[in-house]
Amino acid sequence: MARSERIVVIGGGIGGLTAAAALHRRGRHVTVLERARTLRPVGAAISLAPNALRALDVIGLGDTIRELAAWSGDGGLRTPRGRWLSRSSADAAAERFGGPLVLLHRATLIEHLAAQLPPGTVRTAAAATLTDHGDTDRPARVATADGELEADLVVAADGVRSAVRHALFPGHPGAVYCGFTTWRVVIPVPGAEFASHETWGRGHIWGTHPLKDGRVYAYAAAVTPAGGSAPDDERAELLRRFGDWHDPIPAVLAAARPEDVLRHDVHHLAEPLPAHHHGRVALVGDAAHAMPPTLGQGGNQAIEDAVVLAHHCENLPAYTAARLPRTTAVARQAGKVARLNLMTSRAGTLVRDTAVAALSKAGPALFLRGFDGIADWRPPRHPYASGQTPAGNR
């Protein structure tokens, strides 16, 4: 006979652990099933905007994560030769959206989220398969190597290639290639002094940002066919593509080892799902709305999903109503930005750069404008768990 579990979360990434923490805070019994042997994430750093930090306030983590903010002073958007197209600052961002932008390693965030859960909540090396999505008159069922579990609610946080999503919506085309690949690295770069920046070239992007622990987070993207790899190693590939760009890019590449560089093709859900739930199953994060990383909102939207799901855990249609329009709009905006900053036309990039520079002289930096309607989001549940700052001041 299947064992009864009140809530089962499939996937121990950012969305799954945030959902588990938010549901636990609401007094629910939660079990997290993670197929990997450890919770250590595959990836580098993550950018958390004020919208995600407000969501983390709900589970008591917002102020802890805000203390990890490292960006100070000027930053902005540059050309490969180093010319500034648009400038902004941490203070301007905080003033516009009511809080800082925080860059931290994904592993750090995972550690903080896991610490919110009682011992034994997370089961690693625990692959899981949804066998019944359940309905109003029957529980959902999840198969594991140790037997089948029954659940009042299953939270599917199993990523961009979600098996649960396919089981719930088999007619949906699923994730498709965005047209570009990314590289990421987090390393110490001795002596490097620079303003936080993103650089737009022709079909190429580079970003360099400081972390609180003194390391540097750098990322790159390029329009390239899916499934590619460097003929030698990915550091050498970055040198070929970005080695003659402005400082501190050459210094970052000089400090990196081939094994420091992560490369991943980018996939997204070009077609939104009809709903973010079915039966007793709710989808969060990339399983629900995988999007290009060009707004840095993938993880942020997963965190939003998690606290909204906890708020509506007994009314999943309300969860879909709250999340589907917003995540669809954010994903579309991320797609528009990707087409803008990764355009390959020489004439188009010249027009783009001229327009960005002119618009930024006339008002707030393009970087800040791109977050209007996104970074100012607030969660539905009050009061906040964070006691240091009243909700009205966020």
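Note that the structure is a prediction, hence the values are computed from the model and not measured.

S.K.: In this structure, what is going on with the overall build of the protein? I would like to understand it.
M.R.: Helix and strand counts for the protein come out as 13 helices and 17 strands. Taking 21 Å as the expected radius of gyration for a compact globule of 394 residues, we find that the protein reaches 21 Å, a close match to that expectation. A burial count over the protein gives 53% of its 394 residues as buried. Sequence separation of at least 24 residues holds for 73% of the intrachain contacts in the protein that already meet a minimum separation of 6. The distance from the centre of the 43 positive side-chain charges to the centre of the 37 negative ones in the protein is 4 Å.

S.K.: Can you walk me through the sheet that holds strand β15 (residues 262–268) in this structure?
M.R.: In any sheet, the strands associate via hydrogen bonds between backbone groups, in a parallel or an antiparallel arrangement. The mixed open sheet is built from seven strands, whose spatial order is β5-β4-β12-β13-β14-β11-β15. Looking at the sheet topology across the chains shown, the edges are occupied by β5 (84–89) and β15. The mean inter-strand angle of the sheet, taken between neighbouring strand axes irrespective of direction, is 15 degrees. Pairing analysis gives eight bridges linking strand β11 (residues 176–187) to strand β14 (residues 216–223), with the strands arranged antiparallel.

S.K.: Looking at this structure, how should I read the side chain of T208?
M.R.: Structurally, the position occupied by T208 is in strand β13 (residues 204–210). Within the structure, T208 has its side chain in polar contact with the side chain of W206 (distance 2.6 Å). In contact with T208, not counting residues within four places along its chain, are F194, A195, S196, H197, V216, Y217, A218, P248, I249 and V252.

S.K.: Honestly, the environment of R83 in this entry has me stumped. Any pointers?
M.R.: Inspection of the secondary structure puts R83 in the loop between β4 (74–78) and β5. Expressed as a C-alpha distance, the spacing of R83 and T354, which sit 271 residues apart in the sequence, is 12 Å. Setting aside anything within four residues of it in sequence, one finds R83 in contact with L77, R78 and D353.

S.K.: Help me out: how do you make sense of helix α4 (residues 90–97) in this one?
M.R.: Each turn of an α-helix holds 3.6 residues, which means side chains three or four residues apart point in the same direction. Within the sequence span of α4, burial applies to A90, A93 and F97. Summarising the axial view, the buried residues of α4 lie within an arc of 65 degrees, below the 170-degree limit, and thus occupy one face. Set apart from the buried face of α4 by more than 90 degrees, the exposed residues are D91 and E95. G98 sits one or two positions beyond α4 and adopts a positive phi of about 80 degrees.

S.K.: Please explain the packing of helix α1 (residues 14–25) against helix α5 (residues 106–114) as it appears in this structure.
M.R.: Helix packing for two helices is described by the angle between their axes and how far apart those axes are. Running from amino to carboxyl end, α1 crosses α5 at an angle of 20 degrees, the nearest separation of the two axes being 9 Å. Considering their axes alone, α1 and α5 lie roughly parallel with respect to each other. The two elements α1 and α5 meet at a crossing, and its hand is left-handed. Contacts between α1 and α5 involve I14, L17 and T18 from the first element and R106, L109, I110, L113 and A114 from the second. Taken together, the residues of the contact of α1 with α5 break down into six nonpolar, one polar and one charged.

S.K.: Which parts of the structure should I look at to understand the pairing of β5?
M.R.: For a regular strand, side-chain orientation follows a simple rule: the groups alternate between the two sheet faces. As paired elements, β4 and β5 share five bridges and run antiparallel to each other. Opposite R78, over in β5, you have W84 as the bridge partner. Linking β4 back to β5 in an antiparallel pair, the connection comprises five residues, with G82 at a positive phi of about 105 degrees.

S.K.: Please explain the nonpolar core as it appears in this structure.
M.R.: Soluble, globular proteins show a tendency: their nonpolar side chains are buried together. With 42 residues, the main nonpolar core has L48, L56, I65, L109, L113, V155 and I303 as its most contacted residues. Sorting elements by how many residues they give to this core places α1 first, with seven residues. Discounting residues that sit within four places of it in the chain, I65 has contacts with L48, L53, L56, V102, L104, L109 and H112. Ranked by size, the runner-up nonpolar core spans 22 residues in total, among them V154, L168, L273 and A275.

Definitions and limits used
Residues numbered from 1 in each chain as written. Predicted model: local features only at pLDDT ≥ 70, side-chain atom pairs only at ≥ 80, totals over all residues. Heavy atoms only, no water. Helix = DSSP H or I, 4+ residues; strand = E, 2+ residues; numbered from the N terminus. Rg over C-alpha atoms; globule rule 2.2 N^0.38 Å. Buried < 20%, exposed > 50% of the residue type's maximum accessible area, 1.4 Å probe, protein only. Contact = heavy atoms within 4.5 Å. Lys, Arg positive; Asp, Glu negative; His and termini not counted. Charge placed at Lys NZ, Arg CZ, Asp CG, Glu CD. Pairing = 2+ DSSP bridges. Axes fitted to C-alpha atoms, helices over the stretch in contact; angles between N-to-C directions. Polar contact = N/O pair within 3.5 Å; in protein donor to acceptor, adjacent residues only side chain to side chain. Arc of directions from axis to C-beta. Parallel < 35°, antiparallel > 145°, perpendicular 65-115°, else oblique. Left-handed = near helix turned anticlockwise from the far one by under 90°. Nonpolar A, V, L, I, M, F, W, Y, C, P; charged D, E, K, R; others polar. Core = buried A, V, L, I, M, F, W, Y, C linked by side-chain atoms within 4.5 Å.

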